[in-house]
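What follows is each chain in one-letter form.
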Amino acid sequence: ASPSSPSPSPSPSPAAAGLFAPLAPLNDLDANVTLSVAALTVADLPLRAVTLDGSLVNGVLTLRQAGVGNLHGGSISLGGGLAGFGGTPDLRGLTYDIIIPDAAPLVRALALDLPLSAAQMGRIALTGTLTGTPQRLDIDTRSQLAGADLRAAGRLTDPADGIGFDLGWSLAHADTARLASLFAPDYTARGPLGALDARGRLAGTPDRFTLSDLAATIGGERLAGTVTVMPLASPRPRVEADLTTAT
């Protein structure tokens, strides 16, 4: 569970304020919106089955149903609420559901340069709920790609000294060796490693973080404990580990 104690309201970040500043007039507009478009092209991207069903009341946009039924074979669905027009975005249980059966057509259309190839990514499914502002955002997400299933829930913060996070997470994959090879192409396992099932808590910043309550199973081997990395940006980051193994 993410922290819920009250704290002072953050000031808008320049980027967020700049993005929502032109939308300030929406705070004075109340409306119901229903839209259905069979086909639409945006920035050379063909969108099909575009829908929008929502309401704007007292500066809060509520999406009952919004999305794209077909975008190069994929689909996008949105729901929940959005406020903060003219200032800092305020997500109010904003949900997303993105399904991409085959990433190749979309990667080609957007000319994306990704660390993984479309073939490696395979089917992609991204779902989640976002609540809060860019300075203090509660997330509950599930990401499935490259055969991996990653879940994360907790809080992201954006203080003056950089982004922070406090997340519970889990990661599963049917083939640990295959997962490792995606990020270390030169890695070769000495033998079958079996499936990966890991979970724990991740807290800190991208430069200094701790993996606590770590519990992982790789094949028949179990690993548990805590790992702290600091500072990651250093040429020689320090890693402190307190781990136990069992079979």
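Before reading further, recall that the structure is shown in the block above.
Rules used throughout
- Residues numbered from 1 in each chain as written.
- Predicted model: local features only at pLDDT ≥ 70, side-chain atom pairs only at ≥ 80, totals over all residues.
- Heavy atoms only, no water.
- Salt bridge = Lys/Arg side-chain N within 4 Å of Asp/Glu carboxyl O.
- Helix = DSSP H or I, 4+ residues; strand = E, 2+ residues; numbered from the N terminus.
- Buried < 20%, exposed > 50% of the residue type's maximum accessible area, 1.4 Å probe, protein only.
- Polar contact = N/O pair within 3.5 Å; in protein donor to acceptor, adjacent residues only side chain to side chain.
- Contact = heavy atoms within 4.5 Å.
- Pairing = 2+ DSSP bridges.

Draft legend 1. Seen up close, the pattern of salt bridges. Using the criterion set out here, one finds eight salt bridges in the structure. A salt bridge links Asp53 to Arg64, with the nearest nitrogen and oxygen atoms 3.1 Å apart. One end of the pair, Asp53, is in strand β2 (residues 45-57); the other, Arg64, is in strand β3 (residues 60-71), with 11 residues separating them in the sequence. Overall, Asp53 belongs to the partly exposed group, its relative accessible area being 26%. Of the charged contacts, one joins Arg151 and Asp149 as a salt bridge, the two residues approaching to 3.9 Å between their closest N and O atoms. For Arg151, a relative accessible area of 39% translates into the label partly exposed. Taken together, the shared-partner salt bridges in this structure form one network comprising Arg142, Asp149 and Arg151.

Draft legend 2. The side chain of His173, seen in detail. Checked against the element boundaries, His173 lands in strand β9 (residues 164-173). In this structure the side chain of His173 is engaged in a polar contact, spanning 2.9 Å, whose partner is the backbone nitrogen of Asp175. Once residues within four sequence positions are removed from consideration, His173 is found in contact with Ala146, Gly147, Ala148, Arg178, Leu179, Ala195 and Leu196.

Draft legend 3. Representation of the pairing of strand β1 (residues 31-42) within the structure. Of the pairings in the sheet, the one linking β1 to β2 comprises 11 bridges and is antiparallel in character. Bridge assignment links Val42 to a residue of β2, and that residue is Leu45. The antiparallel pairing of β1 with β2 creates a hairpin that spans two residues between the two strands, and Ala43 there sits at a positive phi of about 50°.

Draft legend 4. Up close: helix α4 (residues 176-183). Listed in full, the buried residues belonging to α4 are Thr176, Ala177, Leu179 and Leu182. Close packing links the buried residues of α4 with α3 (118-121), β8 (148-157), β9, β10 (196-204) and β11 (209-218). Capping the start of α4 is the job of one residue whose side-chain oxygen sits 3.1 Å from the backbone nitrogen of Ala177: Asp175.

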